[in-house]
Amino acid sequence: MDGVNNTENDKISFWKKNNKAIPGRPSPKKEFRGNNRSKPTGSTSFQEFQASVSDAWAVDDDEFCVISGVESTHISRKVSESAALNVLNHHRTTSDTPVNVDSKEPHKNTSDNLIRYSRIPGRPQQLRYTNNQDEDCESKLERFESLLSGTPTLAELCKLSWSGIPVKVRATTWRLLSGYLSVNLERRQGMLERKRQDYWNLVKQYYDTERDEAYQDTYHQIHIDVPRMNPTIPLFQQTLVQEMFERILFIWAIRHPASGYVQGINDLVTPFFVVFLQEVISDDQPFEFFAIDNLSQQQRDVIEADSFWCLSKFLDGIQDNYVFAQLGIQRKVNQLKELIQRVDNILHKHLTQHNVDYLQFSFRWLNNLLTRELPLRCTIRLWDTYLAENDSFALFQLYVCAAFLLQWRNKLLEETDFQGLMLLLQNLPTQNWTGSDIGLLVAEAYHLKVVFADAPNHLHNNQVDR
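As a starting point, this report considers the structure included with it.

Calculation notes
Residues numbered from 1 in each chain as written. Predicted model: local features only at pLDDT ≥ 70, side-chain atom pairs only at ≥ 80, totals over all residues. Heavy atoms only, no water. Core = buried A, V, L, I, M, F, W, Y, C linked by side-chain atoms within 4.5 Å. Buried < 20%, exposed > 50% of the residue type's maximum accessible area, 1.4 Å probe, protein only. Helix = DSSP H or I, 4+ residues; strand = E, 2+ residues; numbered from the N terminus. Domains from an automatic or database assignment. Phe/Tyr/Trp six-rings, centres within 6.5 Å; stacked < 30°, edge-to-face > 60°. Lys NZ or Arg CZ within 6 Å of the ring centre and 35° of its normal.

## Some remarks on the nonpolar core
Link 1 in the chain: Among the nonpolar cores identified, the biggest contains 117 residues, and F236 and L405 are the most heavily contacted of them.
Link 2 in the chain: Among the elements that make up this core, the one with the highest residue count is helix α17 (residues 393-407) (twelve residues).
Link 3 in the chain: Shared between two domains, this core takes at least three residues from each, and those domains are domain 1 (135-316) and domain 2 (327-454).

Okay, here's the thing in structure tokens:
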């Protein structure tokens, strides 16, 4: 395993489909900050910039997971093609039209968002509660209900889910896509009851007893991380909710000793938690302000157990990336860098000429699946597509990150110094985004994957038509 610089074989294995085995877990190395990299020569270093902003995700205290592991794309192509291209064609004619959060208020130019919104760095402001017309389309809901009433194939469910899942059936669909619930209708309830009881047996065995000394550090880190997650959403500041998260994360960590708990996994619980909460609250209740003690103990237990098992299933495919040394993140960052260089060399040169290292902004994107960059409702919509990508989602997420960066191309080119670029990249104005914006993002990501995944040589110095 080499360091930051990829070998020619790495490039070939990434850009071309092949049957070579993916390397296993990397062996431990010195912590990432110890790697030899040239320090930016500009007047403002990344360390100085980090010291000037207040963000819980500062590089100096992050020792967390990596998403690497490049899987085959053939499943993804079958599932994604029609949905992605339909969404892309629909949006190309409307992408210049601003989306208003409130139709009664005139749209304000998003270029003013960094000044107009007082926000926690690295976290989008939460939207006011609105019913998403795209997600609640009656015809799509009917198709889902018809499919779920029988025994659907996973391919059918993935194809329908790729472009978004209605709220009413999202919880059941996520359980199925995660592999937590059987597609066989007759077996579903029995499986749920058994798995939920298994979770609570684990809690009784490991969490409710005197914890082994070896697990004290794990519990301590979880206890620190959970209270500071999603500070703009009142739901997650409730003591009962935080206790639920602590149990989920602690049990997950001791069941996965190869990686253990790493900072950031707490954010990956939130989409599952909210989806299963929405299953039991009324449609007109915004989850952001819901008081969890209004639910019965049984309802809370179901939400917690289902969140645990779906998180576990979801992370099973990428657990090897949650290891010490972080070679995976170096590989992914370099793949993103190479992709942007090929897609938009002008933007790439602009970033590098101003001493912006891709690691400085994409580390968080690649590791927590953009949960810190998007409003939670948009994250949930994005995860509809991630779950529909099935085993290929880790590869697809690379293209989502590329499309996400390209979304801000014009704004980035307007910035003329390191400080301005980093302030924008760590505070991207996504607070007005809706499911429609996510639909366009994943469609553009699919377009990039189709164009570049099998093209190791062409367009190396040219930009794709935009």
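Having put the structure on the table, let's press on.
## Re the packing of aromatic side chains
Link 1 in the chain: Applying the stated criterion to the full structure yields 25 aromatic pairs.
Link 2 in the chain: Measuring from centroid to centroid gives 6.3 Å for W162 and Y446, while their planes differ by 80 degrees, and the two rings are edge-to-face. Of this pair, W162 sits in the loop between α6 (154-161) and α7 (167-178) while Y446 sits in helix α20 (residues 435-452), and the two are 284 residues apart along the sequence.
Link 3 in the chain: Residue W162 is classed as buried on the basis of its relative accessible area, which comes to 0%.
Link 4 in the chain: Owing to a relative accessible area of 1%, Y446 belongs among the buried residues under this scheme.
Link 5 in the chain: Judged by centre distance (5.8 Å) and plane angle (85 degrees), the rings of F236 and F245 are edge-to-face. Accessibility classification places F236 together with F245 in one group, the buried group.
Link 6 in the chain: In this structure an aromatic cluster arises from ring pairing among W174, F272, F314, W383, Y386 and F393.
Link 7 in the chain: The aromatic ring of W309 is capped on one face by K195, whose charged end is 3.7 Å from the ring centroid.

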